[in-house]
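# Descriptive structure summary
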Amino acid sequence: MKTSPILLPSAFDRRRFLARSGLALALFATPGAFAEELLRTPKQTEGPFYPDKLPLDTDNDLIVVNDGLTPAVGEITYVSGRILDTSGAPIRNAVVEIWQCDKNGAYLHSRSGNGEKRDPNFQGFGRFVTGSTGEYLFRTIKPVAYPGRSPHIHYAVKMKGREMWTTQCYIKGEPGNERDGIWRSVKDEAQRAAITVDFAPLKDAKAGELAARFDIVMGYTPAA
Ligand SMILES: [Fe+2]
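Everything in this summary refers to the structure shown in the same document. (Residues numbered from 1 in each chain as written. Predicted model: local features only at pLDDT ≥ 70, side-chain atom pairs only at ≥ 80, totals over all residues. Heavy atoms only, no water.)

### Some remarks on the nonpolar core
In this structure, I83, Y136, Y155, V157, F214, I216 and M218 are the most contacted members of the largest nonpolar core, which totals 31 residues. Sorting the residues of this core by element identifies strand 1 (76-84), strand 2 (95-99), strand 4 (135-141), strand 5 (152-158) and strand 6 (165-171) as the ones contributing at least two each. Per-element tally for this core: the top contributor is strand 6, with four residues. Aside from chain neighbours lying at most four places away, what touches Y155 is V79, V96, E97, I98, W99, Y136, W165, T166, T167, C169, F214 and I216. Core analysis: the next-biggest nonpolar cluster, separate from the first, contains ten residues, Y50, Y107, L108 and F125 among them. (Core = buried A, V, L, I, M, F, W, Y, C linked by side-chain atoms within 4.5 Å. Buried < 20%, exposed > 50% of the residue type's maximum accessible area, 1.4 Å probe, protein only. Helix = DSSP H or I, 4+ residues; strand = E, 2+ residues; numbered from the N terminus. Contact = heavy atoms within 4.5 Å.)

### Overview of unusual backbone geometry
Although it is not a glycine, N66 sits at a positive phi angle of roughly 50°. Structurally, N66 can be placed in the loop between helix 2 (24-28) and strand 1. For N66, a relative accessible area of 44% translates into the label partly exposed. Although it is not a glycine, N93 sits at a positive phi angle of roughly 60°.

### Quick notes on the environment of E116
Take E116: it is sitting in the loop between strand 2 and strand 3 (125-129). The sequence separation of E116 and A106 amounts to ten residues, and the corresponding C-alpha distance is 8.3 Å.

### Let's talk about the pattern of salt bridges
Considering all chains together, one arrives at seven salt bridges under this definition. For E135, the salt bridge is made with R213, and the minimal N-O distance between the two is 2.8 Å. Residue E135 is located in strand 4, and its partner R213 is located in strand 9 (residues 210-213); the two are separated by 78 residues in the primary sequence. According to the relative accessible area criterion, E135 is partly exposed, its value standing at 28%. A relative accessible area of 18% means that R213 is categorised as buried. Measuring nitrogen to oxygen at the nearest pair gives 3.7 Å for the salt bridge that ties K172 to D198. Taken as a pair, K172 in the loop between strand 6 and helix 3 (181-184) and D198 in the loop between strand 7 (196-197) and strand 8 (199-201) lie far apart in primary sequence, 26 residues in all. (Salt bridge = Lys/Arg side-chain N within 4 Å of Asp/Glu carboxyl O.)

### Considering the pairing of strand 9
The alternating pattern of strand 9 places L210 and A212 and A211 and R213 on opposite faces, both of which are buried. Bridging between strand 1 and strand 9 involves four bridges; their strand directions are parallel. Residue pairing in the sheet places V79 in a bridge with A212 of strand 9. Where strand 8 and strand 9 come together, three bridges link them in antiparallel fashion. Counted as the bridge partner of A200 is A211 from strand 9. (Pairing = 2+ DSSP bridges.)

### With respect to the environment of T41
Looking at where T41 falls in the secondary structure, it is placed in the loop between helix 2 and strand 1. Not counting the four nearest positions on each side in its chain, T41 is found in contact with W165, T167, I195, F214, D215, I216 and V217. From its side chain, T41 meets the backbone nitrogen of V217 in a polar contact 2.7 Å long. (Polar contact = N/O pair within 3.5 Å; in protein donor to acceptor, adjacent residues only side chain to side chain.)

### With respect to the coordination of the iron ion
Only Y107 (OH), Y146 (OH), H152 (NE2) and H154 (NE2) from the protein coordinate the iron ion, and they sit 1.9 to 2.3 Å from it. Coordination at the iron ion comes from four donor atoms whose angles at the metal span 91 to 164°, giving a geometry best classed as irregular. One chain supplies every donor for the iron ion, spaced along it as Y-x38-Y-x5-H-x1-H. You can see Y107 sitting in the loop between strand 2 and strand 3 and its partner Y146 sitting in the loop between strand 4 and strand 5, a full 39 residues away along the chain. Across this residue pair, the class does not change: Y107 and Y146 are buried. (Donors = N, O, S within 2.8 Å, 3.2 Å for Na, K, Ca; no water. Tetrahedral: all angles 85-135°; square planar, octahedral: opposite > 155°, others 65-115°.)

### Focus on the side chain of E209
Checked against the element boundaries, E209 lands in the loop between strand 8 and strand 9. Despite its burial, E209 pairs with no opposite charge; the closest candidate is R139, at 5.8 Å N-O. A polar side-chain atom of E209 sits 3.1 Å from the main-chain amide nitrogen of A207. With residues near it in sequence (within four places) discarded, E209 still touches I76, Y78, A200, P201 and L202. (Lys, Arg positive; Asp, Glu negative; His and termini not counted.)

Given below as structure tokens:
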């Protein structure tokens, strides 16, 4: 799968304008003046349901808990992407965590709604540490709606010396997005698009698995 970088429209516009304005030559002498920055992924609230007790199994396969034989209930989805800085360089050693509710709307949290219906075979939380390519991968279920919220997957990115950074990933074409106050809190169209991705059938999948691609552009360059 190939993803194309998202460029700030304003960067294009500014360059086109300056090229015509006669200011261009002067600005070309300024290092970085024309750096094409990737659009930063908007931050979203952590919300109340980051697990208050982490599961014993925190790997990147949320469908199977430990050596369980019964998989989680839901549409199996491979969620992958890269953690990048605004120049497009991959960020390594970033700890990527996801958490989401199960098919019945229950989070891995003592105050979650529908806690009594929790699917014991859904891990609810997973963790992945990026390597030199900045790539992460999880196997999970397609997120479902719960009262007041459109389907979403919570993300946290943890890096040495930085505070935990959180966002949420949504399903493109999901009608509930328009009614979701947290999704709507992102006003900019391009920023909304950056957190709203396709959940599409995985090519040649034997059991109808889906795939979603969600790149995260952090608003800073990591220290070397
Ligand atoms: Fe949530």
